Amino acid sequence: MKEYEPTIIAFVCNWCTYTAADLAGTSRLIQPHNVRLIRMMCTGMVDPKYVIKSLLEGADAVLISGCHPGDCHYINGNLKARRRVKLLKEILPRFGFDERRLKMTWIGASEGIDFAETVRSMVLEIKALGPNEARRQIM
Amino acid sequence: MAKRAMMEVVDQDPVASLRILFGRLLEDAEIGAVLVAQHLNKGGVPMPALVTDPERFEYADPLAPAFPINAAKIVSRLSRRPAGETVAAVLRPCEIRAFIELVKLKQGNMHDVLLLGIDCPGAFGNTDYARYVEGNGSRSSVDFLTAAIRGKTSTEDGLDISPACKACEHPVPENADVIIGMLGVDVKSSLFLYAGTPRGEELLSKLNFSEIREPEDRRSAVVELLERRIAYRDRMFEKTTEATADLEKLTAYLANCVNCYNCRVACPVCYCKECVFLTDVFDHEPAQYLRWARRKGILKMPSDTIFYHLTRLAHMSTACVGCGQCSNACPNNIPVMELFRTIAACTQRAFGYEAGRSADDEPPLSAFREREFSEVTGGKD
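Remember, it's a predicted structure, so these values are computed and weren't measured experimentally. (Residues numbered from 1 in each chain as written. Chains lettered and ligands numbered in written order. Predicted model: local features only at pLDDT ≥ 70, side-chain atom pairs only at ≥ 80, totals over all residues. Heavy atoms only, no water.)

### Thoughts on the overall build of chain A
Item 1. The helix and strand tally for chain A stands at five helices and four strands.
Item 2. The order of α-helices and β-strands along chain A, N terminus first, is β-α-β-α-β-α-β-α-α.
Item 3. Against the compact-globule benchmark of 14 Å for 139 residues, chain A has a radius of gyration of 15 Å, which places it among compact chains.
Item 4. In terms of its C-alpha atoms, chain A occupies a principal-axis envelope of roughly 40 × 35 × 20 Å.
Item 5. Put simply, chain A has 139 residues, and 55% of those count as buried. (Helix = DSSP H or I, 4+ residues; strand = E, 2+ residues; numbered from the N terminus. Rg over C-alpha atoms; globule rule 2.2 N^0.38 Å. Buried < 20%, exposed > 50% of the residue type's maximum accessible area, 1.4 Å probe, protein only.)

Shown next as structure tokens:
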């Protein structure tokens, strides 16, 4: 049987984590191919509904990653994003979602190695967790 | 200046006495208009009406056990820009708490509004109120009231106040300028008025009320009511948590939802002018529905029901005051309020916030700090 390959939707900011992902690629760092990157201008524009929709439609996990606090291109978008992730981590587990299916990290533009490592460890974690049943559970 | 006053009730009728008080607000207290629930149509639900003529309080009845609309939205309309004069709004505690949330979301202003809050024994849902009026005469508000402030809200024909009211731990309007107190008071002989703010104090002085002490039985009456309400609320939280513990259960819980979005329209704190669920973001191409259906072999229509409710929980549960208008507006009797209050209790706790508590608390999703919630990002900040 083919090994279970999770799908991870990553909302990454244009200025830090997207650039880090690009760096990881151009540096030829080996990464699993489970992540679908969605490039946003800022993590501050990730509305909770994007995360909810991803998880309901069958993504196995969602990663939101932006600039370190203090480094946000728009001053504080990443801090707003952190509050929204906090909010979602209160709501989603109440309906049976494993809290580990939503992750937030700070990865700066020069941290390509950190990006590759984050993706590797997250894929391992979600593989151990197994598939997200949400898509099967609702019609 | 009078902080606490006793208003005598004429003819054992607190409703008639309040009508006189509202008239005096216009005549003696430099109030431009009074917003108060009125029976505008015979047998209908009393609706908020803006009154400028002291003679037109004939059908005013803020004590009727009816709650067709959370008037916070109306007060927000009346106050979002200066009107040049003060409007006194006669509101239930949950309407005041919702208005405070709207003010913090820049949808209204406290300056030109004087809030008159009424001790709230609870109200029937819309359909139950219609049945209640059918079986009762014109003095039904007073009959209900005298029983309800002693704790008996159910009627002989099996009607009772809405679950939102039974679970409400805010029967006293803490943030009003003037509070019209009924708990622990014999409402057929007097009403207890007290000021919650300096503006309220000024108003009581303009009306020439003299200072008295708080009625002896009031505190114990409030404590007793709160105990009953909190016990009901906690049972409700437990039951709802169990009934929605996973997506399959949540789907069953919301099975009768027809995506009418009435709960959103009725919600006083859902303030977006254009809700994303009504925009063309959700006008999917026909081929898109077919692709979705093909992926699982079956697609429930209208689609996105769970998505809608989860999104609304994320967008407004931190501002939910638990007024229950969502359940009142639901055409299919889904216990929407129970779900929203249960989730709101955790989201508000997570941010150390309580919707409607104070105009000075920052809404959780508007404020943020550089160092906080480091657990969200794996301990790093």
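### A look at the pairing of strand S2 (residues 35-40) of chain A
All names here are of chain A.
Item 1. Both strand S1 (residues 8-13) and S2 contribute to a ladder of six bridges, which runs parallel. Of the residues in S2, the one forming a bridge with Ile8 is Val35.
Item 2. A crossover links S1 with its parallel partner S2, the connecting element being helix H1 (residues 17-26), and its sense is right-handed. (Pairing = 2+ DSSP bridges. Right-handed = clockwise from strand over helix to strand, strands pointing away.)

### Section: the packing of H1 of chain A against helix H4 (residues 112-129) of chain A
Residue and element names in this part refer to chain A.
Item 1. Two elements in contact, H1 and H4, have axes whose closest approach is 7 Å; the angle formed by their N-to-C orientations is 90°. Here H1 lies roughly perpendicular to H4, going by the angle between them. Residues Thr17, Ala20, Ala21, Leu23 and Ala24 of H1 pack against Gly112, Phe115 and Ala116 of H4.
Item 2. Of the residues belonging to the contact of H1 with H4, the class tally is six nonpolar, two polar and no charged. (Axes fitted to C-alpha atoms, helices over the stretch in contact; angles between N-to-C directions. Parallel < 35°, antiparallel > 145°, perpendicular 65-115°, else oblique. Contact = heavy atoms within 4.5 Å. Nonpolar A, V, L, I, M, F, W, Y, C, P; charged D, E, K, R; others polar.)

### Looking at the sheet that holds strand S1 (residues 4-8) of chain B
Residue and element names in this part refer to chain B.
Item 1. Across the sheet, seven strands lie side by side as S1-S7-S6-S5-S4-S2-S3; this open sheet has mixed pairing. The sheet terminates laterally at S1 and strand S3 (47-51), the two strands that pair on one side only. On average, each strand axis in the sheet is tilted by 25° relative to the strand beside it, whichever way the strands run.
Item 2. Along the sheet, helix H7 (residues 198-206) contacts strand S5 (113-118), strand S6 (178-181) and strand S7 (190-195); its crossing angle with S7, the most-contacted strand, is approximately 135°.

### Notes on the interface of chain B and chain A
It is common to give the size of an interface as the accessible area that goes away when the parts come together.
Item 1. On the side of chain A, 34 residues touch chain B, which itself brings 46 residues to the contact.
Item 2. Each partner contributes to the roughly 3900 Å² buried at the junction of chain B and chain A, and carbon and sulfur atoms together form 67% of this total.
Item 3. Contact with chain A buries surface across chain B, with Leu247, Phe368 and Val376 of chain B losing the most and accounting together for 17% of the total.
Item 4. Linking chain B with chain A are 14 residue pairs in polar contact (both at pLDDT 80 or more).
Item 5. Put simply, the parts of the chain that give the side of chain B that touches chain A at least two residues each are helix H9 (247-253), helix H11 (286-296), helix H12 (305-316) and helix H14 (336-350) of chain B.
Item 6. The greatest single-element share of the side of chain B that touches chain A, amounting to seven residues, is contributed by H12 of chain B.
Item 7. Looking at the side of chain B that touches chain A residue by residue, the classes come out as 23 nonpolar, ten polar and 13 charged. (Buried area = accessible area lost by both parts, 1.4 Å probe. Polar contact = N/O pair within 3.5 Å; in protein donor to acceptor, adjacent residues only side chain to side chain.)

### Thoughts on empty space enclosed by the protein
Residue and element names in this part refer to chain B.
Item 1. In this structure the tally under the stated criterion is ten cavities of 30 Å³ or more.
Item 2. Lining the largest cavity are 18 residues; nearest its centre among them are Ala37, Ala66, Val90, Arg92 and Glu95.
Item 3. When contributions to the lining of the largest cavity are tallied by element, the ones reaching two or more residues are strand S2 (33-38) and strand S4 (87-91).
Item 4. At three residues, the largest contribution of residues to the lining of the largest cavity is made by S2.
Item 5. Considering only residue class, the lining of the largest cavity consists of 15 nonpolar, no polar and three charged. (1 Å grid on protein atoms, 1.4 Å probe; cavity = no way out; pocket = protein on both sides within 12 Å on 5 of 7 lines; lining within 4 Å. Points joined across faces, edges and corners; volume = space filled by probe spheres on them.)

### With respect to the domain arrangement of chain B
All names here are of chain B.
Item 1. According to the domain assignment, chain B consists of domain 1 (4-226) and domain 2 (243-364).
Item 2. Centre-to-centre, using C-alpha coordinates, domain 1 lies 30 Å away from domain 2.
Item 3. Facing the 25 residues of domain 1 at the interface are 28 residues of domain 2.
Item 4. Summed over both sides, the interface of domain 1 with domain 2 buries roughly 2000 Å², with 52% coming from carbon and sulfur.
Item 5. On the surface where domain 1 and domain 2 come into contact, there are one salt bridge.
Item 6. Residues Arg341 and Glu169 are paired through a salt bridge, measuring 2.9 Å at the closest nitrogen-oxygen approach.
Item 7. The tally of links between domain 1 and domain 2 comes to 16 residue pairs in polar contact (both at pLDDT 80 or more).
Item 8. Elements supplying a minimum of two residues to the side of domain 1 that touches domain 2: helix H2 (72-79), helix H3 (93-104) and helix H6 (163-166).
Item 9. Taken together, the residues that form the side of domain 1 that touches domain 2 break down as 14 nonpolar, six polar and five charged. (Domains from an automatic or database assignment. Salt bridge = Lys/Arg side-chain N within 4 Å of Asp/Glu carboxyl O.)

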